Amino acid sequence: MIGRREIYLKGAEEIEKLAKANQLVGMTHGELAKHIKPGISTKELDTIAYEFILDHGAKPAFLGYNGFPGSLCTSVNEYIVHGIPSDKVILEEGDIISVDCGTLLDGFVGDSAFTFPVGDVSAEVKGLLRTTYESLYKGIEAVQVGRRIGDIGNAVQTYCEERGYSVVREFTGHGIGKSMHEAPNVPNFGRRGTGAKIEEGLCICIEPMINLGSKNVVMYDDGWTVRTKDRKPSAHFEHCIAVVDGKAKLMSTFEYIEETLGGLPF
C-alpha cells in the first residue's frame, strides 16, 4: 500500500488537463465500439486505438509502460485485466471484452475501461456486466470529502457480493495525474472508515474487477496476463474522477460508447 504522504492533490488547472486526457479516452472507446464485432482481432482493435490517439495529438499511455507491448489492454471472457493484444485472439459471438485504454495528453494521463459484449451474450453474463457497471457508480457515490478510501471499496464490494458475484483482490484502482499510477491505491473491497482521507483535489481511478465465479485468479509468467482460476467470465469498468466541491466529478466518460451503440449494450 502506498503511503498517505505521497498523495498529490491537484489544483483546478491540473484537473482541467486531466479531464481533457480522459475525454480523449472516452472518444477512443466510442471509436472502438464501432469495430467490436465477431471476427476482429484484439490486435486490430489496438491498431485502431493507437492511430486514433495519435491523430488527436496524444500518445497511448500504456504503450511501453513497464514494457507493455500494446496501446490497449484487451481482456476477453475469463481474462481479468492486462490482456495483451494479439492477432491470434479473434472475437466471437457471445464473448465479452474488457478494453482498458490510456492516453497521455499535455503531460496528464487519461485512463478508463469498459467491458463490451460481442454480439449477443447470455443473460447470466449480461447480469455480470450490469452489476459491475452499477457498482462503479456506487463507488463513485461514496466519494465525499471527509470520508475515506475504504468507503469506496466497501460500496463496490457490498453491491456485488449481495448479488452473488466476487471481487478481485489482487488489482485495485489508483491515484492518477502526470503518472498513470499514483497514491493512493483504491481497492474494490474494504471496511468503511479506513484508508486515506478523501480530500478536495484528490484524483483517482475507481475500477471494479468483478468475477462471475470465485475471486481466485491465476497469474501468467509473462507478468501481465491474469485470468479467473475457475475460467468463469470477469468484467471490468473504470472511471477517472476528481474531488471537486466536496464530491466526485467525472473526468472520463462512456457517453461516446452510448452514442455509437445507441445506449448501454447490456
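Look a little higher up for the structure.
One structure accompanies this document, and this report is about it. (Residues numbered from 1 in each chain as written. Predicted model: local features only at pLDDT ≥ 70, side-chain atom pairs only at ≥ 80, totals over all residues. Heavy atoms only, no water.)

1. What to know about a nonpolar patch on the surface
A contiguous nonpolar surface patch, about 240 Å² in accessible area, is contributed by Tyr50, Leu54 and Leu63. Position of tyrosine 50 relative to the elements: it lies in helix 2 (residues 42-55). Note on tyrosine 50: relative accessible area 35%, which makes it partly exposed. (Patch = residues over 30% accessible without salt bridge, like charges linked within 9 Å, V, L, I, M, F, W, Y side chains within 5 Å. Areas by Shrake-Rupley, 256 points an atom, 1.4 Å probe, with all protein chains shown as cover. Salt bridge = Lys/Arg side-chain N within 4 Å of Asp/Glu carboxyl O. Helix = DSSP H or I, 4+ residues; strand = E, 2+ residues; numbered from the N terminus. Buried < 20%, exposed > 50% of the residue type's maximum accessible area, 1.4 Å probe, protein only.)

2. Examining the environment of glutamate 199
Structurally, glutamate 199 can be placed in the loop between strand 8 (182-186) and strand 9 (203-206). By relative accessible area, which is 27% here, glutamate 199 ends up partly exposed. Sequence spacing of glutamate 199 and alanine 242 is 43 residues, and the spatial spacing of their C-alpha atoms is 9.8 Å.

3. Topic: helix 4 (residues 149-161)
Here helix 4 is 13 residues long and its end C-alpha atoms lie 19 Å apart, about the 18 Å a rise of 1.5 Å per residue gives. Buried residues dominate helix 4, accounting for 10 of its 13 residues. Every buried residue of helix 4 is accounted for by Ile149, Gly150, Asp151, Ile152, Gly153, Asn154, Val156, Gln157, Tyr159 and Cys160. Residues of helix 4 that are buried make contact with helix 3 (123-141), strand 6 (166-167), strand 8, strand 9 and strand 10 (209-211). (Expected span 1.5 Å × (residues − 1). Contact = heavy atoms within 4.5 Å.)

4. Some points on the environment of histidine 181
Along the chain, histidine 181 turns up in the loop between strand 7 (173-175) and strand 8. With relative accessibility at 42%, the residue histidine 181 sits in the partly exposed group. Between the C-alpha atom of histidine 181 and that of isoleucine 204, which follows or precedes it by 23 residues, the distance is 9.0 Å. Apart from residues lying up to four places away in sequence, histidine 181 is in contact with Tyr65, His174 and Gly175. At a separation of 2.8 Å, a polar atom in the side chain of histidine 181 contacts the side chain of tyrosine 65. (Polar contact = N/O pair within 3.5 Å; in protein donor to acceptor, adjacent residues only side chain to side chain.)

So, to be careful, I would describe these as geometric facts and stop short of saying anything about function.
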